[in-house]
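Spelled out, the chains give:
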Amino acid sequence: MTLRNKAWQLPLRLAAGTFVLNSGISKWDADEEHAKQLQGFAAGAYPFLAELGARTFVKALAASEIAIGVAVLVPVVPTALAGAGLTGFSAGLAGLYWRTPGMHEPGSLRPTEQGMTQAKDVWLLAIGAALLIDGVLGKERRS
């Protein structure tokens, strides 16, 4: 596949990759209070996360975000792999939004005022899915 045929991915990969990478870097040195807040929020949706120490949770989250951000940004990482990583990560964010009380109107996907920040993460899911679909179906078009 030529660079010209993949140029459409550049804005998606730059926007999503830098956003996720920055998020991971900013969490890397989180203090104990911030680590506990992040873990508590995540454990509300995914109870098994409560079993981790707050610092361990935040380091793992930060490392995951850094790895995914770099994978999405670096053009030699296959599109399907970058898309799969971003899709998986953002699906977890979507689950956090859906499982956290007060984030959306009852029985609806429509966000409440409190849920607007998390609801906007759907763009990461869309970008990840687009990259994943192109990475998988693009190979079929070339064969």
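About the thresholds
- Residues numbered from 1 in each chain as written.
- Predicted model: local features only at pLDDT ≥ 70, side-chain atom pairs only at ≥ 80, totals over all residues.
- Heavy atoms only, no water.
- Axes fitted to C-alpha atoms, helices over the stretch in contact; angles between N-to-C directions.
- Helix = DSSP H or I, 4+ residues; strand = E, 2+ residues; numbered from the N terminus.
- Left-handed = near helix turned anticlockwise from the far one by under 90°.
- Contact = heavy atoms within 4.5 Å.
- Nonpolar A, V, L, I, M, F, W, Y, C, P; charged D, E, K, R; others polar.
- pLDDT = per-residue confidence, 0-100.
- Patch = residues over 30% accessible without salt bridge, like charges linked within 9 Å, V, L, I, M, F, W, Y side chains within 5 Å.
- Areas by Shrake-Rupley, 256 points an atom, 1.4 Å probe, with all protein chains shown as cover.
- Salt bridge = Lys/Arg side-chain N within 4 Å of Asp/Glu carboxyl O.
- Buried < 20%, exposed > 50% of the residue type's maximum accessible area, 1.4 Å probe, protein only.
- Core = buried A, V, L, I, M, F, W, Y, C linked by side-chain atoms within 4.5 Å.

Q: Even after reading the chapter, I still don't get the packing of helix α4 (residues 54-73) against helix α5 (residues 79-99), so can you show me in this structure?
A: In a pair of packed helices, the angle between the axes and the distance between the axes together describe the arrangement. At a minimum axis separation of 9 Å, α4 and α5 run at an interaxial angle of 145°. Relative to α5, α4 is oriented so that their crossing is left-handed. The segment α4 lies against α5, with Leu61, Glu65, Ile68, Ala71 and Val72 engaging Ala82, Gly85, Leu86 and Phe89. Looking at the contact of α4 with α5 residue by residue, the classes come out as seven nonpolar, one polar and one charged.

Q: Help me out: how do you make sense of the confidence of the model for the protein chain in this one?
A: Fine structural detail should not be taken from predicted coordinates in areas where pLDDT scores are low. Mean pLDDT over the protein chain: 91, with 93% of residues reaching 70 or higher. Predicted confidence in the protein chain is weakest over helix α1 (residues 3-6), with a mean pLDDT of 68, and strongest over α4, with 97.

Q: Sorry if this is basic, but what is going on with a nonpolar patch on the surface here?
A: Nonpolar side chains collect at one region of the surface, where Val70, Val74 and Val76 lie side by side and expose about 240 Å² of accessible area between them. Within the secondary structure, Val74 is located in the loop between α4 and α5.

Q: I keep staring at the environment of Leu73 and nothing clicks. Help me out?
A: Structurally, Leu73 is set in helix α4. Look at Leu73 and you get partly exposed, because its relative accessible area is 27%. With 63 residues separating them in the primary sequence, Leu73 and Leu10 have C-alpha atoms 8.7 Å apart. When neighbours within four sequence positions are excluded, Leu73 is seen to be in contact with Arg13, Leu14, Gly17, Thr18 and Leu21.

Q: Before we go on, may I ask you to explain the nonpolar core in this structure?
A: When a protein is soluble and globular, its nonpolar side chains tend to lie buried together. Counting 25 residues, the largest nonpolar core has Phe57 and Leu86 as the members making the most contacts within it. Considering each element in turn, this core owes the most residues, six residues, to α4. Those residues in contact with Phe57 that lie beyond four places of it in its chain are Leu38, Gln39, Ala42, Leu49 and Leu52.

Q: Help me understand the pattern of salt bridges, please; the structure alone is not making it clear to me.
A: Where side chains of opposite charge bring their charged atoms close, a pairing between them can arise. For the coordinates displayed, the defined rule picks out three salt bridges. Between Glu32 and Arg55 there is a salt bridge; the shortest N-O distance is 3.9 Å. Here Glu32, found in helix α3 (residues 32-45), pairs with Arg55, found in helix α4; they are 23 residues apart in sequence, far enough to count as distant. Exposure remark for Glu32: the relative accessible area of 37% places this residue in the partly exposed category. For Arg55, a relative accessible area of 35% puts it in the partly exposed group. Here Glu105 ties to Arg110 by a salt bridge, and the two come within 3.8 Å at their closest N and O atoms. Classification of Glu105 by relative accessible area gives partly exposed; the value is 30%.

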